[in-house]
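As a plain string of letters, each chain reads:
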Number of protein chains: 2
Amino acid sequence: MPVDVQLLDAQLLDGRSRDGGATAVAHPNIALVKYWGKRDARLVLPYTDSLSMTLDVFPTTTSVRLSPGATADEVTLNGAPAQGEAGRRVTAFLDLVRERAGRAERAVVGTSNTVPTGAGLASSASGFAALAVASAAAYGLRLDATGLSRLARRGSGSASRSIFGGFAVWRAGANTDRDTETALDLASHAEPVAVGDLTPALVIALLDAGPKAVSSREAMRRTVETSPLYRAWAESSRDDLVEMREALRHGDLATVGEVAERNALGMHATMLAARPAVRYLSPTSLTVLDTVLRLRRDGVPAYATIDAGPNVKVLCRRSDADQVSEAVRAAASCPVVVAHCGPGACLHTGNR
Amino acid sequence: MPVDVQLLDAQLLDGRSRDGGATAVAHPNIALVKYWGKRDARLVLPYTDSLSMTLDVFPTTTSVRLSPGATADEVTLNGAPAQGEAGRRVTAFLDLVRERAGRAERAVVGTSNTVPTGAGLASSASGFAALAVASAAAYGLRLDATGLSRLARRGSGSASRSIFGGFAVWRAGANTDRDTETALDLASHAEPVAVGDLTPALVIALLDAGPKAVSSREAMRRTVETSPLYRAWAESSRDDLVEMREALRHGDLATVGEVAERNALGMHATMLAARPAVRYLSPTSLTVLDTVLRLRRDGVPAYATIDAGPNVKVLCRRSDADQVSEAVRAAASCPVVVAHCGPGACLHTGNR
């Protein structure tokens, strides 16, 4: 399923393009077993394993070109200079790449997202996956897909999964008191997941493309620190992961969907109990959840998942995607996008 | 605050009315620290203490008249014969009263509710509180308010609190392996709560007066048995109770409201994680929650609580009740009722 990993590895043998720049493309992923909660914020190590499907929509394209004379990175996001936190996160990420590559040049970074930024549609996953691939190439860091996944993780946890196409699991990594920082870093990366005969669609209801009232980073931190329900959810999520892998292996869409839906609702439940509560579910999110229940009652296998935003994504058979889209659109009066399994991150071939 | 307990005790000295019948009135209560989860379904013993405010709206009036020649109880609910489960629960309750009174006569029971039945507005609380008071009197059971609270508990857990006016706490009662059934029963009853200078209003948004898709009994059972988050909520609810009592004692509406809101959201969170999920929150419920957040941002202390139904109740200062009502009505396009602290259950004086 992760069709592009080999291509990616072959491209990396070349490393940088002739002008010392590199361009990479990555797609968002939607977790079916969620990443929610960091046990180490600096290394971006999660409490639990998570599992996702990389999409074939909303790619992010990022180019990194070294700028030897410059004293600061120059970051543009969709054509405009990156503001505040967004720019700082890119520079912090590049500092990590420079440190590993033993180089000091600043860079010119251009990113174009095709997904609304900050609306719970994983723009940071595709963004940091593309940045990891492009910056590693530009700075001459030779990393395989696993290494790129570890690197992308440092920018945004879920980006570790967007290095891979199809379905991927991000390992939290074990954590013992004796582990060095290097050992902790090495243990936590994504990897492809074996999948049986399963070609689902994901119907995405675009309920609100505006920025979020609470960032997912803040929501995650607040949940871990204040929600009395967090630990219990993290425990149950471990069981969900085992069941999800088994269901994927057997191509069992109904179980994949059931586990995904309960895992997502559980995650939102932990937030609802945070202090103060974090509620990403909007009235229209619930309307879509009601529609999903109705579809199931009508015999259409459809299952909802929701990330840190109001948008609801509905997992269904590819052959049911039109019917599901129509039902969601009619109920929620919102634009709907149908996604399928997409490719892993790759260097733009124009670089060579 | 529980102004009617004394009156109730005085009335009980009289016991039954001249025709062997008795009529009682009780009001619903809204829990600020929720009852959610039975540790003993037959004795109706909860996992946690709960705390509520008895309302001055939606009274239930119940009359019980002994019917010596009859072979079955005759139960009417709002003028119509009680159907199925509702009738069976009344008869099971009367069997308990008869057993304790050492009597066998069947009864004619008439109940009128002024609150929509089964819509999460605690019609079973007012209903079984009124039935407990009326049937104890009719069968000559001499019980004080504590005893009536224990008795009402057997009909519906939350009914134990509606015996008292104002604020009441229902003790779960300790539970050791050596406890006899009698000891367990004796330990679990409601009692009045000391309250400082606090005269709040409760603005009730009547979002849906229809019957529920999942009964609260079934939702409670399913949550306890299947939600991985239930135990953690029950633990946190113990802390909420301590903080709530302290806030009530100091007449601190903001803390009362904050604790009530987080306790209710936590309860709904446990249900969201049940398998299958139980979701009483409707799209319009969330619209009201959004309105409550907006009111708080505008400086109006307003806090939401929600029971096993879509209706949202907003706790606020009595002086803010009009503004809060107007905001809720405008946002949700629904009828709104303003309630205050109401009286405990009492025998209808017409009986004597």
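Here the structure is a predicted model, which is why all the values come from computation and not from measurement.

**Details of the overall build of chain A**
Link 1 in the chain: Scanning chain A from terminus to terminus reveals 11 helices and 16 strands.
Link 2 in the chain: Expected size for 352 residues packed as a compact globule is a radius of gyration near 20 Å; at 19 Å, chain A falls within 12% of this value.
Link 3 in the chain: When the 352 residues of chain A are sorted by exposure, 58% land in the buried category.
Link 4 in the chain: Looking at chain A alone, contacts between residues at least 24 apart form 79% of all its contacts between residues at least 6 apart.
Link 5 in the chain: Within chain A, the 37 negative side-chain charges are centred at a point lying 4 Å from the centre of the 39 positive side-chain charges.

**Observations concerning the relation of the copies chain B and chain A**
Link 1 in the chain: For these two chains of identical sequence, chain B goes onto chain A by a turn of 180° and a shift of 0.0 Å along the axis, with RMSD 0.0 Å. Given the turn and translation reported, the copies of this chain are related as if by a two-fold rotation axis.
Link 2 in the chain: Same-surface contact between copies: 100% of interface residues of chain B are shared with the interface of chain A.

**With respect to the domain arrangement of chain A**
Residues and elements named next belong to chain A.
Link 1 in the chain: Assigned domains of chain A: these are domain 1 (5–195) and domain 2 (200–339).
Link 2 in the chain: Computed from C-alpha atoms alone, the centre-to-centre distance between domain 1 and domain 2 is 24 Å.
Link 3 in the chain: The interface of domain 1 with domain 2 comprises 33 residues on the first partner and 48 residues on the second.
Link 4 in the chain: Buried area between domain 1 and domain 2, summed over both chains or domains, comes out near 3,300 Å², and the portion from carbon and sulfur atoms is 69%.
Link 5 in the chain: When the buried surface of domain 1 facing domain 2 is broken down by residue, Leu32, Lys34 and Trp36 rank first, second and third, together holding 27% of it.

**Remarks on the pattern of salt bridges**
Link 1 in the chain: Counted according to the given criterion, the structure contains 48 salt bridges over all chains.
Link 2 in the chain: One salt bridge connects B:Arg279 with A:Asp290, and the closest N-O pair in it is separated by 2.6 Å. Of the two residues, B:Arg279 is situated in the loop between α9 (253–272) and α10 (283–297) and A:Asp290 in helix α10 (residues 283–297); the pairing between them involves two chains.
Link 3 in the chain: Judged by relative accessible area, which is 23%, B:Arg279 ranks as partly exposed.
Link 4 in the chain: Residue classification places A:Asp290 among the partly exposed residues on the basis of a relative accessible area of 28%.
Link 5 in the chain: The network of salt bridges with common partners includes A:Asp73, A:Asp95, A:Arg98 and A:Arg106.

**Observations concerning helix α8 (residues 230–249) of chain B**
Residue and element names in this part refer to chain B.
Link 1 in the chain: Here α8 contains 20 residues, and its C-alpha end-to-end distance of 28 Å stays within 8% of the 28 Å for a straight helix at 1.5 Å per residue.
Link 2 in the chain: Those residues of α8 that fall on the buried side of the exposure criterion are Tyr230, Ala232, Trp233, Ala234, Ser236, Ser237, Asp240, Leu241, Met244, Ala247 and Leu248.
Link 3 in the chain: Phi for glycine 251, located one or two positions after α8, is positive at around 60°.

**A word on the pairing of strand β1 (residues 21–26) of chain A**
All names here are of chain A.
Link 1 in the chain: Of all 6 residues in β1, 6 are buried; the element is thus mostly enclosed.
Link 2 in the chain: Side chains of β1 alternate between two faces, with Gly21, Thr23 and Val25 and Ala22, Ala24 and Ala26 buried alike.
Link 3 in the chain: Note: β1 against strand β6 (residues 60–67), 6 bridges, orientation antiparallel. Bridge pairing in β6 places alanine 24 opposite threonine 62.
Link 4 in the chain: Inspection of the sheet shows β1 paired to strand β16 (residues 346–347) by 2 bridges, in the antiparallel sense. By the bridge assignment, valine 25 is partnered in β16 with cysteine 346.

**Here's the deal with the nonpolar core**
Link 1 in the chain: Among the nonpolar cores identified, the biggest contains 163 residues, and A:Trp36 and B:Trp36 are the most heavily contacted of them.
Link 2 in the chain: In terms of nonpolar packing, the next biggest core, distinct from the first, is built from 27 residues, B:Leu55, B:Phe58, B:Val193 and B:Leu253 among them.

**Focus: the sheet that holds strand β6 (residues 60–67) of chain B**
Residues and elements named next belong to chain B.
Link 1 in the chain: Spatially, the 6 strands line up as an open sheet ordered β8-β7-β9-β6-β1-β16, and their pairing is mixed. Two strands in the sheet have a free side with no partner beyond their single neighbour: β8 (80–81) and β16 (346–347).
Link 2 in the chain: Against the sheet, helix α2 (residues 84–101) contacts β7 (74–77) and β9 (106–113), and its axis sits at roughly 130° relative to β9.
Link 3 in the chain: With respect to the sheet, helix α3 (residues 123–138) is in contact with β1 (21–26), β6, β9 and β16, its orientation differing from that of β6 by roughly 35°.

**A short note on the environment of A:Ser319**
Link 1 in the chain: Along the chain, A:Ser319 falls in the loop between β14 (312–317) and α11 (321–332).
Link 2 in the chain: Each C-alpha atom of the pair A:Ser319 and A:Ala201 lies 8.3 Å from the other, and the pair is 118 residues apart in sequence.

**A closer look at the pairing of strand β14 (residues 312–317) of chain B**
Within a regular strand, side chains alternate between the sheet's two faces.
Residue and element names in this part refer to chain B.
Link 1 in the chain: Summarising burial for β14: 5 of the 6 residues are buried, a large majority.
Link 2 in the chain: Pairing between strand β12 (residues 200–205) and β14: 6 bridges, direction antiparallel. Within β14, the position partnered with valine 203 by the bridge is valine 314.
Link 3 in the chain: Looking at chain direction, strand β13 (residues 302–306) and β14 are connected through 5 bridges and run antiparallel. Residue pairing for β14: isoleucine 306 is matched across the bridge by valine 312.

**Side note on helix α11 (residues 321–332) of chain B**
All names here are of chain B.
Link 1 in the chain: Over its 12 residues, α11 extends 16 Å from the first C-alpha to the last, a length consistent with the 16 Å expected when each residue adds 1.5 Å.
Link 2 in the chain: Along α11, the residues classified as buried are Ala321, Val324, Ser325, Val328 and Ala332. One side of α11 holds all its buried residues, which, seen down the axis, span an arc of 100°. Along α11, exposed side chains directed more than 90 degrees from the buried face belong to Asp322 and Ala330.
Link 3 in the chain: Among the structural elements, β12, α10, β13, β14 and β15 (336–339) are those in contact with the buried residues of α11.
Link 4 in the chain: Residue serine 333 follows α11 closely and has a positive phi angle near 50°.

**Considerations on the confidence of the model for chain A**
Reading fine detail from the predicted coordinates is not recommended where pLDDT is low.
Residue and element names in this part refer to chain A.
Link 1 in the chain: Here chain A averages 91 in pLDDT, while 91% of its residues score no lower than 70.
Link 2 in the chain: The low-confidence segment residues 1–16 (pLDDT under 50) makes 38 contacts with residues lying over four places distant or belonging to another chain.
Link 3 in the chain: Here the predicted complex scores 0.91 on pTM and 0.88 on ipTM.

**Points about the interface of chain B and chain A**
Link 1 in the chain: Listed as interface residues are 23 residues of chain B and, on the opposing side, 23 residues of chain A.
Link 2 in the chain: Here chain B meets chain A over a buried area of about 1,900 Å², counting both sides, of which 70% is carbon and sulfur.
Link 3 in the chain: Connecting chain B to chain A are 4 salt bridges.
Link 4 in the chain: Those elements that place two or more of their residues in the side of chain B that touches chain A are α8, α9 and α10 of chain B.
Link 5 in the chain: Top element by residues in the side of chain B that touches chain A is α10(B). It accounts for 6 residues.
Link 6 in the chain: Looking at the side of chain B that touches chain A residue by residue, the classes come out as 14 nonpolar, 4 polar and 5 charged.

Here is what the cut-offs are and how they apply
- Residues numbered from 1 in each chain as written.
- Chains lettered and ligands numbered in written order.
- Predicted model: local features only at pLDDT ≥ 70, side-chain atom pairs only at ≥ 80, totals over all residues.
- Heavy atoms only, no water.
- Helix = DSSP H or I, 4+ residues; strand = E, 2+ residues; numbered from the N terminus.
- Rg over C-alpha atoms; globule rule 2.2 N^0.38 Å.
- Buried < 20%, exposed > 50% of the residue type's maximum accessible area, 1.4 Å probe, protein only.
- Contact = heavy atoms within 4.5 Å.
- Lys, Arg positive; Asp, Glu negative; His and termini not counted.
- Charge placed at Lys NZ, Arg CZ, Asp CG, Glu CD.
- Least-squares fit on C-alpha atoms with pLDDT ≥ 70 in both.
- Domains from an automatic or database assignment.
- Buried area = accessible area lost by both parts, 1.4 Å probe.
- Salt bridge = Lys/Arg side-chain N within 4 Å of Asp/Glu carboxyl O.
- Expected span 1.5 Å × (residues − 1).
- Pairing = 2+ DSSP bridges.
- Core = buried A, V, L, I, M, F, W, Y, C linked by side-chain atoms within 4.5 Å.
- Axes fitted to C-alpha atoms, helices over the stretch in contact; angles between N-to-C directions.
- Arc of directions from axis to C-beta.
- pLDDT = per-residue confidence, 0-100.
- Nonpolar A, V, L, I, M, F, W, Y, C, P; charged D, E, K, R; others polar.

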